Amino acid sequence: MAVHENTTPLVELEGINKIFGGIHALRDAHCRIHAGEVVALVGENGAGKSTLVKTMTGLYQPNSGTIRVKGQAVRLATAKAASEYGITAIHQETTLFEELSIVENIFMGHPRTKPSGLLDWAAMRSEAREHLERVNLDVEPTTLLKQLSLGQQHMVAIARALAEAADVVIMDEPTASLSSNEIEKLYVIIEKLRDLGKGILFISHKFDEVFRIADRYVVFRDGAFVGDGNIAEVTEHDLVKMMVGREVGTVFPKRAVEIGAPLLEVASLSNGIEFKDVSFTLHKREILGFYGLVGAGRSEVMRAIMALSPYPFTGQIRLDGVPANWKICGDAIDAGVVYVPEDRRNQGAILPLSIRDNIALPSMKRLARGIWPDKSAERRLAQEYGRVFEIRAASIEQPVEDLSGGNQQKVVLARWLATNPDVVIVDEPTRGIDVGAKSAVHEALAEMVEQDLSVLLVSSELPELMGMADRIIVMRLGEMVAEFTRDDFSAELIAAYATGARAPQPAREVA
Amino acid sequence: MLNVLKSREALLAASWLALIALAGSITPNFVSIQGLRDLMTDLSILVVLAVAQMIVILIRGIDLSVAANLAFTGMVVALLSVANPGLPTVVWPLVCIVVGAMVGMLNGALIAELQIPPIVVTLGTMSIWRGMIFVISGGSWVVQHQFPEGYLAVPRTQILGLTLFFWIGLTVAAGMWLVMTQTRFGRELYGMGGNPRAAQYAGVRVKHHEFWVYTITGALAGLSGWLWTSRYAMANTDVAAGFELQTVAACVIGGVAIAGGAGTVIGAVFGALFLGTLYNILPVIGVSQFWQQALSGAIILLAVYFNMISRKPPVRRILPLASPQGAGE
Ligand SMILES: Nc1ncnc2c1ncn2[C@@H]1O[C@H](COP(=O)(O)OP(=O)(O)OP(=O)(O)O)[C@@H](O)[C@H]1O
Ligand SMILES: [Mg+2]
């Protein structure tokens, strides 16, 4: 596919350097995107992928280097300038407007106007409807964004990029909060764009996606270009080696542990809105997996257990045989149950604070001497867990908002596991995390399970669940539809229950 | 969707009418033609300023200098009119708008370019312009008989039975409604308030817009300076002291989110009408000075609470409703 040597690329970056304070985020980076190709940009967390995206979309100004659009050197001073040169991006962090309608989200910054200069709402509505159709989202364009699920909101972001009719579409981890169904739709959209002669830059940490959709790959390491080529000519193993610079095991390091007595018992939890009749028992040293499509109600159950749900629920929760009437999340934490939320940027990290403060926050009381926080103990804790989860930062005093997306995720994970809990509920623990760090996370969880930790593992990645869990519960539309024990895990069956292709198992088997 | 907002505004409008009816039942004079005409004349200034404050709050800012701007501009134009009584009356509102806009530009430049927090900037400029009134007037007052005749008469001109004050208030409100709902600029302000980073990513010229929002607010505050001096036939250092807080309160009552990103012009207008009417009514129905303050404070708190509960996040159902089609993934 990539016999482009003689054609002019749509965009070409050369010798780009970007320095933040002391951090060299891009070093002499280069990259080109031709018409009609999908380029996968891969690299570890903090390799500079998002920085490159922001440089190409006028949000960051490079310290040096050249950007050429269709062969002509340009300066992209603002996002507007980039979009005028035909470059648009779906950024890693959400860039939508909750309080506004889908129409406005799609056209913010590039509206359709009438000759009088006033907005042409009718035109925007009908055009929005078309774009929503293209991304297969069946909602009224006047719906407020906040009424959509996370996955649907992401589809709006994609519709937004389509509406720009750009020549180059950049997607920075677009699949992170999409269900497998929605990801399939995204592939179709990307293929259509490619056939229309657009250039697509696709960033993902998931190799199945990269191999499924990309024509060419570009690998970055520590802000520098380390290689590119045709996707058909490499293996996953090669890519990982280029990214990390060493060999990484991608096997899920499940360890043989002896599963203990029942620890967390949940009986017929219902709240009438989000989930119904959820019952399960988590044993000591067990990893109990929850699978389902995005929006199946798994996170909502976990939030209810943690007393974080806005809705009252019925049903019983027992910890170690004792009824748990947790009124606020702090009660659960005091009882030794912690929750690593799915949306870590909004519900997890405290962005302006340092890595140390973020990690030590819930452990502060434990580490303090009297009322005085013990800074050096906090520093040791942060350093230890920073190492365990391979957090890449200039120092642990760096504010979390300056970290790359994946490293922000790791900080939140580190924070909760550093409290030394009895039970951890982890929601999508490896979303947005690179291969190396992913196996580090799995390794760390497995090791802590050996030391008596019990885990509720919510994940939309079946390989991760099948690798780590002792049992898997499948949820669909707020209800448990099947349960599997490790011996009879079957990817096809699990997926079939999750999508509803198979009718739910009889209830007695579930309990 | 918009029903929540719509119904909130309708509710506010209804409570406003109820308030007037209540006052009328106690003091029939209040609802006489003259009484209502006076009320609308009085309210127009607060409406103009509430609308001006609303666009600032919408973009996560605040302008505490609006009342000082009003007073300063009022003094400038009062002194000018005393010195040049022969000039046509149309000059005065124009002067006010220009002077007010310049005052606003200073706020805008400090906030947008130097990135100083709006509350700090406008608290500072509030003192500056109050001080400047003293400087240009030497501390003396401009009072009724000094103003040229036309200056006081023109705004009182009646058109269709209502004073020019009312029509100016209505025009400003309608114009702002048009800008905020039908123009790119207005909608981009909603974007900036809702998610500034996303707005920047979407190519919105954030700094440019911020600068112009403060400028527009300044211009409207200047216009109010003209309205105020002619309505009360006076200009001095203490004119409209503390009025900036009423403009903020009017917005809050009208459902403008103090954290930015949400609110409507219609809401702000009804917030101003409600609050202004309340301030007018309390003395009329014989509530003592001390209780007036406490009562209006309590009503503002109530309004904020009410807004808060009506802004609850929407329910995202997962369980199918009774009919299976209602299912959402
Ligand atoms: N605004 C900023 N200020 C300071 N440092 C920054 C800033 N943005 C990024 N960095 C640093 O630049 C480096 C590259 O970050 P970038 O976000 O580009 O990584 P990435 O490849 O997108 O990683 P991920 O896969 O985690 O999203 C990181 O070390 C990060 O800490
Ligand atoms: Mg990134």
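Just above, that's the structure.
Let us look at the structure shown here. (Residues numbered from 1 in each chain as written. Chains lettered and ligands numbered in written order. Predicted model: local features only at pLDDT ≥ 70, side-chain atom pairs only at ≥ 80, totals over all residues. Heavy atoms only, no water.)

With that settled, consider the overall build of chain A. Assigned secondary structure in chain A consists of 19 helices and 20 strands. In terms of C-alpha radius of gyration, chain A reaches 24 Å, essentially the compact-globule figure of 24 Å for 511 residues. Over its C-alpha atoms, taken along the principal directions, chain A stretches across nearly 70 × 50 × 45 Å. In chain A, which comprises 511 residues, the share counted as buried stands at 57%. (Helix = DSSP H or I, 4+ residues; strand = E, 2+ residues; numbered from the N terminus. Rg over C-alpha atoms; globule rule 2.2 N^0.38 Å. Buried < 20%, exposed > 50% of the residue type's maximum accessible area, 1.4 Å probe, protein only.)

So, about the overall build of chain B. Helix and strand counts for chain B stand at 13 helices and four strands. Its C-alpha atoms give chain B a radius of gyration of 21 Å, near enough to 20 Å, the size a compact globule of 329 residues would have. Each principal axis of the C-alpha distribution contributes one length, and for chain B these read about 75 × 55 × 40 Å. Here chain B, with 329 residues, has 53% of them falling under the buried criterion. Within chain B, contacts between residues separated by at least 24 positions form 78% of all contacts whose residues are at least 6 apart in sequence. Looking at chain B as shown, the accessible area adds up to about 14200 Å², and 71% of this sits on carbon and sulfur atoms. (Contact = heavy atoms within 4.5 Å. Areas by Shrake-Rupley, 256 points an atom, 1.4 Å probe, with all protein chains shown as cover.)

Protein coordination at the magnesium ion (ligand 2) comes from S50 of chain A (OG) and Q92 of chain A (OE1), with a distance range of 1.9 to 2.1 Å. Here the residue S50 of chain A occupies a position in helix α1 (residues 49-56), and Q92 of chain A occupies one in the loop between β6 (87-90) and α3 (102-107), the gap between them amounting to 42 residues. (Donors = N, O, S within 2.8 Å, 3.2 Å for Na, K, Ca; no water.)

Residues and elements named next belong to chain A. With five of its five residues buried, strand β13 (residues 287-291) lies for the most part within the structure. Side chains I287, G289 and Y291 project from β13 onto one buried face, and the interleaved L288 and F290 project onto a second face that is buried too. One ladder, built from four bridges, connects β13 with strand β18 (residues 454-458); its direction is parallel. Paired with L288 across the bridge in β18 is L456. As judged from the four bridges shared by β13 and strand β19 (residues 471-476), these two strands associate in the parallel manner. (Pairing = 2+ DSSP bridges.)

So, about the pattern of salt bridges. Throughout the structure, instances matching the rule amount to 35 salt bridges over all chains. The partner of R197 of chain B in a salt bridge is E93 of chain A, with the nearest N and O atoms 3.2 Å apart. Taken together, the positions of R197 of chain B in helix α9 (residues 196-201) and E93 of chain A in the loop between β6 and α3 put the pair across two chains. The partner of E479 of chain A in a salt bridge is K276 of chain A, with the nearest N and O atoms 4.0 Å apart. With E479 of chain A in strand β20 (residues 479-485) and K276 of chain A in the loop between β11 (262-270) and β12 (278-283), this pair connects stretches of sequence that are 203 residues apart. With relative accessibility at 30%, the residue E479 of chain A sits in the partly exposed group. (Salt bridge = Lys/Arg side-chain N within 4 Å of Asp/Glu carboxyl O.)

The next point concerns unusual backbone geometry. If you check the backbone angles, E428 of chain A has positive phi at about 50° while not being a glycine. Structurally, E428 of chain A is set in the loop between β17 (423-427) and α16 (435-450). Residue classification places E428 of chain A among the buried positions, given a relative accessible area of 5%. Backbone geometry at L160 of chain B places phi at a positive 50°, although glycine is not the residue there. Positionally, L160 of chain B belongs in the loop between β2 (158-159) and β3 (162-163). Take L160 of chain B: its relative accessible area is 75%, and that puts it in the exposed class.

The interface is formed by 32 residues belonging to chain B together with 43 residues belonging to chain A. Both sides of the chain B and chain A interface together cover about 3300 Å² of buried area, and 60% of this is carbon and sulfur. In this assembly, chain B and chain A are joined by two salt bridges. Counting across the interface, chain B meets chain A through ten residue pairs in polar contact (both at pLDDT 80 or more). (Buried area = accessible area lost by both parts, 1.4 Å probe. Polar contact = N/O pair within 3.5 Å; in protein donor to acceptor, adjacent residues only side chain to side chain.)

The element helix α8 (residues 184-194) of chain B is extensively covered by neighbouring structure, given that nine of its eleven residues are classed as buried. Residues of α8 of chain B that are buried: F185, G186, R187, E188, L189, Y190, G191, M192 and G193 of chain B.

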